[in-house]
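# A look at the structure
Chain by chain, the residues run as shown.
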Amino acid sequence: MKFRSIILASTALMALPLAAQAAEELHIVNCGSDTEPQAPVQQKHIDEWVAENPDYSVRVEYLPWEQCQAKTLTLAAAGTPPAAAYMGSRVLKQLSSSDQIVPIEMSEEELASYEPSVISTVQIGGEVWGLPRAFSTKGLFWNKDLFAEAGLDMPEGPQTFDDMLTAAKAISENTDAAGFGLPAADMDNTFHEFLNFLYSNGGQVVDADGNVVFDSPQNVETLAFYQELAKYSQEGPLAYERGGLEPLFKEGQIAMYTSYAAGRGKAEGVNFGVSLIPAGPQGGHSTLLITDSLVVFKGTGLEEPAQKLIKYLTAPERQAEFDKEGGWTPIRLGTDTDALIAEDPSWKPFIDAIPTGGPEPLMTDFVGMQDVAIENIQGVVLGELTPEDAATRIQEDLSALD
């Protein structure tokens, strides 16, 4: 009996590593760094999910943004994709059209937990292709002291395109600062910052059916506004992306610029206000809604558990914890956002703009789309193109792309 007990014990010990090996691994590629403040929160939630689903293990591979999406797309094209990935929602149309990711099955209750404007950033053809994971909106930052020095009476900041032009002109003529910080470098945020104003004038890049509609009257009018605004911007706008404008604002060299919520922490020492993006003549206050999302790749045999995992991570209470730790604009509106505004009222414009915001245009060749838009926006800013010609060129080139 004693010998038999020893054999049974040895068998049990041998079974432990075999059981551990039986757990299937879900490989997740995460664009970004594991040193970011939200990373431990995500890992905590992953550990909780694994505890509830012991048949699976999860390995998160963090990669820098500048190489992450390219590597993930290469893995997918080679037939060796990760089970899931965290990446910019701008790639969703490319991935879905090439049949590399699967749509996310969503109940009516799950869909209703998101603002329609937010879920639209991951929807193509009526299906959801990723779950929003990180989110940003934009506001107009303005220097109260420079406004006062220029004799402007706008206690809530500029509210319309006309207000912005009036303020930019007055500041440029009556102070040592430029009226507006305009980003026009060969960077994606040149297009992004322009979209804030395009959406605030009722414009679109693609309509609900995926048709390019860039030559609309609203878009031509927005380009004309941008061309006029450029007259009162900092010198050499083509040398600046948004990050380069932050020190100019902090040093009082520009009176206004658009930025996301984290910009508040980069303006220390400035007497500034943040308002909604001013409304155009044919629109209302809006903003560009940028999401990064969690997507599930096709062909791994692990599509079902991967979907369960990303739904677990993005469930309202866990997503709210992730948002708060990362300093993101909250993905869902509710009591958490009300409490956030009560604690810090400067969050208000970034949250109030969510229902009326517009998504990054989803096109298969998103890099080509951005390049076309940036080149023509630059032409407008420099006065080398009329707004009408730029809108026509963008319309023709984007239609050829998609």
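Not measured: the values here are computed from a predicted model.

Relative to each other, helix α10 (residues 217–230) and helix α16 (residues 366–381) sit at 50°, their axes nearing to 8 Å. Taken together, the axes of α10 and α16 are oblique relative to one another. Facing L223, Y226, Q227 and A230 of α10, the residues of α16 in contact are I377, V380 and V381. Per-class residue counts for the contact of α10 with α16 are six nonpolar, one polar and no charged.

What follows is about unusual backbone geometry. Phi angles above zero are rare outside glycine, and D99 is one such case at about 60°. Within the element layout of this structure, D99 appears in the loop between α4 (92–97) and α5 (108–112). Residue class for D99 comes out partly exposed when judged on its relative accessible area of 47%.

Looking now at the domain arrangement of the protein chain. Domain parsing of the protein chain yields domain 1 (24–135 + 290–350) and domain 2 (139–286 + 363–400). Facing the twelve residues of domain 1 at the interface are 14 residues of domain 2. Summed over both partners, the interface of domain 1 with domain 2 comes to about 1,100 Å²; 64% of that surface belongs to carbon and sulfur atoms. Ranking the residues of domain 1 by area buried against domain 2 places R90, P349 and F350 at the top, with a combined share of 50%. Of the charged contacts, one joins R264 and D344 as a salt bridge, the two residues approaching to 3.1 Å between their closest N and O atoms. Where domain 1 packs against domain 2, one counts two residue pairs in polar contact (both at pLDDT 80 or more). Elements that contribute at least two residues to the side of domain 1 that touches domain 2 include exactly α4 and α15 (348–352). Looking at the side of domain 1 that touches domain 2 element by element, the count peaks at three residues for α4. For the side of domain 1 that touches domain 2, the residue count by class is five nonpolar, four polar and three charged.

Turning next to the state of the cysteines. Using the criterion set out here, one finds one disulfide in the structure. Between the sulfur of C31 and that of C68 lies a disulfide, 2.1 Å long from S to S. The S-S bond linking C31 to C68 shows a torsion near -85°; that makes this disulfide left-handed. Of this pair, C31 sits in strand β1 (residues 24–31) while C68 sits in helix α3 (residues 65–77), and the two are 37 residues apart along the sequence. Like C31, the residue C68 is buried in the burial classification.

Our next topic: the packing of aromatic side chains. As enumerated under the stated definition, the model contains 16 aromatic pairs in all. On the basis of an interplanar angle of 15° and a centroid distance of 4.0 Å, the ring pair of F161 and F225 is categorised as stacked. Of this pair, F161 sits in helix α8 (residues 161–174) while F225 sits in helix α10, placing them 64 residues apart in sequence. According to the relative accessible area criterion, F161 is buried, its value standing at 4%. Of the aromatic side chains, those joined through ring pairs into one cluster are F141, F249, Y257, F272, W347 and F350. Taking NZ or CZ as reference, R133 lies 3.6 Å from the ring centre of F322, over its face. Directly above the aromatic system of Y114 lies the positively charged group of R332, at a separation of 4.1 Å from the ring centroid.

Conventions we followed
Every residue gets a number counted from 1 within its own chain, in the order that chain's sequence is written. Thresholds applied to this predicted model are a pLDDT of at least 70 for local features of residues and 80 or more for the giving and counting of side-chain atom pairs; totals over whole chains, interfaces and linings are not thresholded and use all residues. Hydrogens and water molecules were not included; the side-chain quantities draw on all heavy atoms of the structure. To get an axis, fit a line to the C-alpha atoms, keeping to the stretch in contact for a helix; angles then go from 0 to 180 degrees between the N-to-C directions. Counting from the N terminus, the helices are DSSP H or I runs at least four residues long and the strands are E runs at least two residues long. Roughly parallel refers to an angle under 35 degrees, roughly antiparallel to one over 145, roughly perpendicular to one between 65 and 115, and oblique to any angle outside these ranges. In this description, contact between two residues means that some pair of their heavy atoms is separated by no more than 4.5 Å. Residues are sorted three ways: Asp, Glu, Lys and Arg are charged, Ala, Val, Leu, Ile, Met, Phe, Trp, Tyr, Cys and Pro are nonpolar, and all the rest, Gly among them, are polar. Per-residue accessibility, obtained with a 1.4 Å probe over protein chains only, is compared with the maximum for each type, and a residue is labelled buried under 20%, exposed over 50%, and partly exposed between these values. Domain limits in this description derive from either an automatic procedure or a database domain assignment. Buried area: the accessible area, evaluated with a 1.4 Å probe, that two parts lose upon being put together, summed over both parts. Here, a salt bridge means any Lys or Arg side-chain nitrogen found within 4 Å of an Asp or Glu carboxyl oxygen. Residues adjacent in sequence count toward polar contacts only when both atoms are side-chain atoms; beyond that, a polar contact is any pair of N or O atoms within 3.5 Å, and within protein one must be able to donate a hydrogen and the other to accept it. Any two cysteine sulfur atoms lying within 2.5 Å of each other are counted as a disulfide. Any Phe, Tyr or Trp ring, taking Trp's six-membered ring, that has another such ring centre within 6.5 Å forms a pair; planes under 30 degrees apart are called stacked, those over 60 apart edge-to-face, and the others tilted. Sitting over a ring, as applied to charges here, requires NZ of Lys or CZ of Arg to be within 6 Å of the ring centre and within 35 degrees of the ring normal.

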